Amino acid sequence: MSNTAETANSCEQGDEPVSFEASKLGRKDHWDSVYDREINTFRETGDIGEVWFGEDTAAKMVTWVCNNIDDTDARILDVGCGNGHLLLELAEDGGYTNLTGTDYSAQAIELAKGIAASRGLGDKITFVEQDFLSATEVARIAGEAKFDVVLDKGTYDAICLKPKDGGADVDQQAIDTYPESVVGSLKDSGVFLITSCNWTEDELVARFATHLECVGRVKHRSFKFGGAVGQTVATVAFKKAK
Ligand SMILES: C[S@@+](CC[C@H](N)C(=O)[O-])C[C@H]1O[C@@H](n2cnc3c(N)ncnc32)[C@H](O)[C@@H]1O
């Protein structure tokens, strides 16, 4: 694959992150109904549904994996995989063979399995339900072997919007559990690649600092607003902190 994703290694910690109010994007019933609709659309039209943050962003994550993970049998997990498109691209474009996609929405898993089967990849990618905030489910999916690579595109963003007890406040316990689940899923030598639209690169580095150490950043198209230059999405690679 061509190298369109440039990586930089300036990984200093940033300022304290801002906080968000809870939203429906943090609720499982929201995602169940989204994927219910997308299953119907896929059956009727073949449209695979939303590719979060667009195809360019997914392509940059795939390129990062291709450039950094030589072993095509590496065990790769996509957390909150939705329709599974990231893993489909890793299989089709990268030749990766040991792929697992998980999501807490049974409908997402049904959709991902259907799309994979329609592309002849039904027996090549494992799609399975998992609540990534449950230590038991993290241990069940990771097994003794654990993963060489954990990917997240938009799932941490959703988790950061999870309502506490159905109210307007976010569920801080869920936010705090997330990096523990990443660490619980990764081999000691493993890497974690996350894309977010809610947090900047520096905020991601600061948020995960206790558990994970930044090892690279993927550049995305930047925009200029009010004299400040920023990116619409941030992608950062981590390894386990020592
Ligand atoms: C913004 S969507 C991103 C979907 C997909 N990664 C993509 O890029 O298209 C967030 C996904 O996270 C999933 N999700 C949210 N909380 C989760 C949790 N605790 N465990 C597993 N999946 C979760 C949702 O069901 C949804 O599929």
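Refer to the structure presented above.
Described in the following lines is the structure provided in the data block.

Reading guide: rules and limits
- Residues numbered from 1 in each chain as written.
- Predicted model: local features only at pLDDT ≥ 70, side-chain atom pairs only at ≥ 80, totals over all residues.
- Heavy atoms only, no water.
- Near = heavy atom within 4 Å.
- Polar contact = N/O pair within 3.5 Å; in protein donor to acceptor, adjacent residues only side chain to side chain.
- Areas by Shrake-Rupley, 256 points an atom, 1.4 Å probe, with all protein chains shown as cover.
- Helix = DSSP H or I, 4+ residues; strand = E, 2+ residues; numbered from the N terminus.
- Nonpolar A, V, L, I, M, F, W, Y, C, P; charged D, E, K, R; others polar.
- Buried < 20%, exposed > 50% of the residue type's maximum accessible area, 1.4 Å probe, protein only.
- Arc of directions from axis to C-beta.
- Contact = heavy atoms within 4.5 Å.
- Core = buried A, V, L, I, M, F, W, Y, C linked by side-chain atoms within 4.5 Å.
- Axes fitted to C-alpha atoms, helices over the stretch in contact; angles between N-to-C directions.
- Parallel < 35°, antiparallel > 145°, perpendicular 65-115°, else oblique.
- Left-handed = near helix turned anticlockwise from the far one by under 90°.

1. Examining the site of the ligand
Thought 1: Among the 17 residues in the neighbourhood of the ligand, the closest are listed as Tyr 35, Gly 80, Asp 103, Asp 131 and Lys 153.
Thought 2: Contacts to the ligand include Phe 132, whose backbone N or O atom sits 3.0 Å from a nitrogen atom.
Thought 3: Contact between the ligand and Thr 155: an oxygen atom at 3.4 Å from a side-chain N or O atom of the residue.
Thought 4: In the complex, 98% of the free accessible area of the ligand, which totals 590 Å², lies under the protein chains.
Thought 5: For the shell around the ligand, the elements supplying multiple residues, two or more each, are α1 (28-45) and α6 (155-159).
Thought 6: Its residues assigned to classes, the shell around the ligand comprises eight nonpolar, six polar and three charged.

2. A short note on helix α5 (residues 135-142)
Thought 1: For α5, the full list of buried residues reads Val 138, Ile 141 and Ala 142. The buried residues of α5 occupy one face: seen down the axis, they fall within an arc of 95°.
Thought 2: Where α5 is buried, its residues contact β2 (75-79), β3 (98-103), β4 (125-129), β5 (147-153) and α7 (172-185).
Thought 3: Phi for Gly 143, located one or two positions after α5, is positive at around 60°.

3. With respect to the nonpolar core
Thought 1: Judged by nonpolar contacts, the single largest core of 39 residues is most densely connected at Val 65, Ile 76, Leu 90, Leu 99, Ile 125, Phe 127 and Leu 151.
Thought 2: Those elements giving two or more residues to this core turn out to be α1, α2 (54-68), α3 (85-92), α4 (106-118), β4, β5 and β6 (186-196).
Thought 3: It is α4 that contributes the most residues to this core, six residues altogether.
Thought 4: Leave out the neighbours within four places in its chain, and Phe 127 touches Cys 81, Gly 84, Leu 87, Gly 101, Ile 109, Ala 112, Lys 113 and Ala 116.
Thought 5: Formed by 29 residues, the second largest nonpolar core is a distinct cluster that contains Phe 132, Val 138, Ile 141 and Val 205.

4. Observations concerning the packing of α2 against α3
Thought 1: Closest axis-to-axis distance for the α2/α3 pair is 10 Å, and the angle between their directions is 45°. With respect to α3, the element α2 is oriented oblique. Classified by chirality, the crossing of α3 by α2 is right-handed. Residues Ala 58, Ala 59, Met 61, Val 62 and Val 65 of α2 touch α3, and the partners they reach there are His 85, Leu 86, Glu 89 and Leu 90.
Thought 2: Across the contact of α2 with α3, the residue classes tally to seven nonpolar, one polar and one charged.

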